[in-house]
Amino acid sequence: MWSQIEENMAKTTKAAKEFKRLWLTYPKKVIQRPAIYELGHKFKVVTNIRQASVTEEVGIVSLELQGDRVEIKKAIKWLEGLGIKVEPVEINVIEG
């Protein structure tokens, strides 16, 4: 049983080739939508919310994405298609 679990973990690690830190800026029309939840179900990526600030007018989220480069690119394109602005995090805002 443990060998099966270890094998699945190894496959997951191999698939997770890339790691991106992003700033997402949500416009008012998308704030109520569970976009990050949807992202994790539509694409083979692992999401990790590192920081968030949401008001009635705007939402700003620091998000880590881990997965295959192609999946991450598709996920970012999908977010942008919703009207969410996606920018790379230039520095480590939060460390461990």
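This one's a predicted model, so the numbers in the text were calculated from it and none came from an experiment. (Residues numbered from 1 in each chain as written. Predicted model: local features only at pLDDT ≥ 70, side-chain atom pairs only at ≥ 80, totals over all residues. Heavy atoms only, no water.)

Once that is clear, we can look at the side chain of Glu18. Within the secondary structure layout, Glu18 lies in strand E1 (residues 18-26). Among the residues examined, Glu18 registers a relative accessible area of 15% and is labelled buried. A polar side-chain atom of Glu18 sits 3.4 Å from a polar atom in the side chain of Lys20. When neighbours within four sequence positions are excluded, Glu18 is seen to be in contact with Leu65, Gln66, Gly67, Arg69 and Ile72. (Helix = DSSP H or I, 4+ residues; strand = E, 2+ residues; numbered from the N terminus. Buried < 20%, exposed > 50% of the residue type's maximum accessible area, 1.4 Å probe, protein only. Polar contact = N/O pair within 3.5 Å; in protein donor to acceptor, adjacent residues only side chain to side chain. Contact = heavy atoms within 4.5 Å.)

When two helices pack together, their arrangement is given by the angle between the helix axes and the distance between those axes. At a minimum axis distance of 11 Å, the contact between helix H2 (residues 35-42) and helix H3 (residues 69-81) shows a crossing angle of 145 degrees. When you trace H2 past H3, the crossing you get is right-handed. Here Ala35, Glu38, Leu39 and Lys42 of H2 come into contact with H3, specifically with Ala75, Trp78 and Leu79. A per-class count over the contact of H2 with H3 returns five nonpolar, no polar and two charged. (Axes fitted to C-alpha atoms, helices over the stretch in contact; angles between N-to-C directions. Left-handed = near helix turned anticlockwise from the far one by under 90°. Nonpolar A, V, L, I, M, F, W, Y, C, P; charged D, E, K, R; others polar.)

Following the criterion strictly, the structure yields nine salt bridges and no others. In this structure, Arg21 and Glu64 form a salt bridge, with 3.4 Å as the shortest nitrogen-oxygen distance. Of this pair, Arg21 sits in strand E1 while Glu64 sits in strand E3 (residues 59-67), and the two are 43 residues apart along the sequence. The buried category is assigned to Glu64, whose relative accessible area is 10%. (Salt bridge = Lys/Arg side-chain N within 4 Å of Asp/Glu carboxyl O.)

Now for H2. Residues of H2 that are buried include every one of Ala35, Ile36, Glu38 and Leu39, and no others. Here the buried residues of H2 occupy an arc of 155 degrees about the axis, which is enough to place them on one side. For H2, the exposed residues set more than 90 degrees away from the buried face come down to Tyr37 and His41. The elements touched by buried residues of H2 are E1, strand E2 (45-54), E3 and H3. (Arc of directions from axis to C-beta.)

Paired through their backbone hydrogen bonds, the strands of a sheet run either parallel or antiparallel. Taking strand neighbours across the sheet as the criterion, the four strands line up as E2-E3-E1-E4 in an open arrangement whose pairing is antiparallel. Here the strands that pair on one side only, and so sit at the sheet edges, are E2 and strand E4 (85-88). When strand polarity is set aside, the average angle formed by the axes of neighbouring strands in this sheet is 25 degrees. Across nine bridges, the pairing between E1 and E3 is antiparallel. Following the sheet pairing, Thr25 is matched in E3 by Ile60. On top of the sheet, H2 reaches E1, E2 and E3; it is set at about 175 degrees to E2, its chief contact. (Pairing = 2+ DSSP bridges.)

Next up on the list: the confidence of the model for the protein chain. This prediction gives the protein chain a mean pLDDT of 86; 77% of its residues lie at or above 70. Here helix H1 (residues 2-15) is the element of the protein chain with the lowest mean pLDDT, 55, and H3 is the one with the highest, 97. (pLDDT = per-residue confidence, 0-100.)

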